[in-house]
Amino acid sequence: MTDVEGETLKEILQITKSQEKAGCPQHPIGGSISALVRIFLHICEAISYTHAQNILHRDLKPENILIGKYGDIRIIDWGIANYKQEKETEDFTYSPTLAADLTIPGKLAGTVTYLAPERLKGLPASIATEVYALGVVLYQILTLTYPFIRKNIKDFKNNISQEIFIDPKEKAPYRDIPEQLTRIARKCLEADPEKRYKTVDELIQSLKNYIDGRPEWIFTTKLDMQRKEDWRFQENILLAKHIAITRHTDIAEWVSVMLSKQAFAKNIRIEAELFFQEKGQGLGFLLSQP
């Protein structure tokens, strides 16, 4: 194997954490969330490539990420990597007392701290479990600590129902953690795999949006026709704008509803399901930009 000079991401994060506690100048990489996120992006791109080759790493963690002396990034320790499959093929046993930072060589391939909850149910490693592991790594990048404390497999099984995601800004208030990265980490670490990023490429796009300064849409509220604060109503009259939409004057009955500017002062995106009743003749949108 090629001899690469540098440090593992785990070493960088540990050094930075010690420096913060001691009040010393921080590691040039570990002290910069921006630098760490760019490294994390490269890690995700490498994993996306391996997924495209139908391969899962299955043991993603900072100690398996090597940061070279000149900025090159390598993912190492592919000892338990395997092809994507529906069922695990190994038939090894494991000790329930294995430490959280040790790789488990049997059916629960990986490291306890980075294992997705569904792995305890016997589900195989998947893209969703790799997204979860990447979420743990991102959480460590943001906070210099783990999102969940798991001593070993037995402890993980006994306490999984009590695991609660703590906002990174609450976990590490002394670090300048962007809200956008908090949302990305939270989505990666959803207990339900269906709520995570479906692919690492989706995760990469969110990271690029953050790096490029592009905001992401945030769910604000569910509009309710019965809640008057959400709307302003117009009189039911025929206006020139209605004729412009319909091109007919015989359709005189309109229901016009405007979003309340007080309730939604910023840019918004509206998603809706529309159903026409028996007498409904059509639908028109008039978008007014001040």
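Heads up: the structure comes first, above all this text.
Residues numbered from 1 in each chain as written. Predicted model: local features only at pLDDT ≥ 70, side-chain atom pairs only at ≥ 80, totals over all residues. Heavy atoms only, no water.

A closer look at the packing of aromatic side chains
Two descriptors summarise a pair of aromatic rings, namely the distance from one centre to the other and the angle between the planes of the rings.
In step 1: Considering all chains together, one arrives at two aromatic pairs under this definition.
In step 2: Each ring, one from tyrosine 114 and one from tyrosine 146, has its centre 6.4 Å from the other, and the planes form 85 degrees; the classification is edge-to-face. Separated by 32 residues along the polypeptide, tyrosine 114 in the loop between strand 7 (110-111) and helix 3 (127-143) and tyrosine 146 in the loop between helix 3 and helix 4 (153-159) bring together distant segments of the chain.
In step 3: Considering the side-chain rings of tyrosine 139 and phenylalanine 165, the 5.7 Å spacing of their centres and the 75 degrees angle between planes classify their relative orientation as edge-to-face. Of the two residues, tyrosine 139 sits in helix 3 while phenylalanine 165 sits in the loop between helix 4 and helix 5 (168-171), which places them 26 residues apart along the sequence. Comparing tyrosine 139 with phenylalanine 165 shows no difference in burial state: the two are buried.
In step 4: Positioned over the ring face of phenylalanine 156 is arginine 150, at 3.8 Å from the centre of the ring. (Phe/Tyr/Trp six-rings, centres within 6.5 Å; stacked < 30°, edge-to-face > 60°. Helix = DSSP H or I, 4+ residues; strand = E, 2+ residues; numbered from the N terminus. Buried < 20%, exposed > 50% of the residue type's maximum accessible area, 1.4 Å probe, protein only. Lys NZ or Arg CZ within 6 Å of the ring centre and 35° of its normal.)

A word on the packing of helix 3 against helix 6 (residues 179-188)
In step 1: Direction vectors running N to C along helix 3 and helix 6 enclose 145 degrees, while the axes themselves pass 8 Å from each other. Of the two possible hands of crossing, helix 3 and helix 6 adopt the one that is left-handed. Here Val131, Tyr132, Gly135, Leu138 and Leu142 of helix 3 lie close against helix 6, whose contacting residues are Leu181, Thr182, Ile184, Ala185 and Cys188.
In step 2: Taken together, the residues that form the contact of helix 3 with helix 6 break down as eight nonpolar, two polar and no charged. (Axes fitted to C-alpha atoms, helices over the stretch in contact; angles between N-to-C directions. Left-handed = near helix turned anticlockwise from the far one by under 90°. Contact = heavy atoms within 4.5 Å. Nonpolar A, V, L, I, M, F, W, Y, C, P; charged D, E, K, R; others polar.)

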